[in-house]
Structures are given as structure tokens and as C-alpha cells.
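# A closer look at the structure
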Amino acid sequence: KRHLNRKGLEHPSSTADEEEEEPERDKELQMLRHVAFQCNMDVDHVRHIFGHFQSLDPDGSGDISREEFCAMIAKSCHVSNLGALPKTRVDFFWRKIDTDGS
């Protein structure tokens, strides 16, 4: 049995564990291809962005909570204390990405 790995390279499955993970990888690749098509972007670029998203979502919920967002902002701004950033600026960015108003 052959399948694509995360880099899109075909290779044979070698273990039962890999075969169990195959449907999940196929779903992820299908989703990445769909997003790339919808956004007119390269699949590798979408995969790169998705990797960043996953690193910002440590609980794996598929959503970025305000706490996870604030941690990302602090890390991006190279500050250890989010209080060092103006609350109005953090709120502004949160409102820009908070699609469901939660």
C-alpha cells in the first residue's frame, strides 16, 4: 500500500500504526488542498501556515482561545509579560480575528 507523506512524496506504508494514521493524514492533506485552492495559494504555504496555527493551539481544539492568542502576541512581540503591551492594541487585534464574537 502506498500513500503520500506530509511533503506529498509517495512511499510504502511500513507499520500498522502508520496505516491507522493514514486516513487522518489523508483528511488533513485534503483539507490543506481545499484551502489552498479556495485561497489561490500553494499547498506548501498553506501547510506552513497550518503548522503555525497548530503550534498556537496547544489544546488541539481547532480554535484559538483569547488566552492562546495573547500568548502568541506576547511571543511575537518578544515580551515575557503581556501587561507590557497596551491592552487596547491587544483588544484591537483580537477583534480583528474573533469571527464568532466569543
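Residues numbered from 1 in each chain as written. Predicted model: local features only at pLDDT ≥ 70, side-chain atom pairs only at ≥ 80, totals over all residues. Heavy atoms only, no water.

### Some thoughts on unusual backbone geometry
With a phi close to 55°, asparagine 40 is a non-glycine residue in the positive phi region. Among the structural elements, asparagine 40 can be located in the loop between helix 1 (16-39) and helix 2 (43-56). Of note in the backbone geometry, histidine 78 takes a positive phi value of approximately 55° without being a glycine. (Helix = DSSP H or I, 4+ residues; strand = E, 2+ residues; numbered from the N terminus.)

### Quick notes on the pattern of salt bridges
Within the structure shown, the criterion is met by 3 salt bridges. The closest approach of N and O atoms between arginine 47 and aspartate 44, which form a salt bridge, is 2.8 Å. Here aspartate 44 and arginine 47 lie together in helix 2, a separation of 3 residues that amounts to about one turn. Under the relative-accessibility criterion, aspartate 44 is labelled partly exposed at 48%. Ionic pairing is found between aspartate 91 and lysine 87, a salt bridge with its closest N-O pair at 2.7 Å. With aspartate 91 and lysine 87 both in helix 4 (residues 87-97), this residue pair falls 4 residues apart, about one helical turn. Classification of lysine 87 as exposed rests on a relative accessible area of 60%. Members of the salt-bridge network, linked through shared partners, are Arg66, Lys87 and Asp91. (Salt bridge = Lys/Arg side-chain N within 4 Å of Asp/Glu carboxyl O. Buried < 20%, exposed > 50% of the residue type's maximum accessible area, 1.4 Å probe, protein only.)

### A closer look at the environment of histidine 34
On the secondary structure map, histidine 34 appears in helix 1. By relative accessible area, histidine 34 is classed as partly exposed at 48%. Linking histidine 34 and valine 46, residues 12 residues apart in sequence, is a C-alpha distance of 9.9 Å.

### Describing the packing of aromatic side chains
On inspection of all chains with the given rule, the structure shows 3 aromatic pairs. Between phenylalanine 50 and phenylalanine 53, the aromatic rings sit 6.5 Å apart at their centres with planes inclined by 10°, giving stacked as the arrangement. Placement of both phenylalanine 50 and phenylalanine 53 in helix 2 is noted, with a separation of 3 residues, approximately one turn of the helix. For phenylalanine 53, a relative accessible area of 28% gives the class partly exposed. Judged by centre distance (5.4 Å) and plane angle (65°), the ring pair of phenylalanine 92 and phenylalanine 93 falls under edge-to-face. Given the relative accessible area of 33%, phenylalanine 92 is considered partly exposed. The exposure class assigned to phenylalanine 93 is partly exposed, which follows from its relative accessible area of 35%. (Phe/Tyr/Trp six-rings, centres within 6.5 Å; stacked < 30°, edge-to-face > 60°.)

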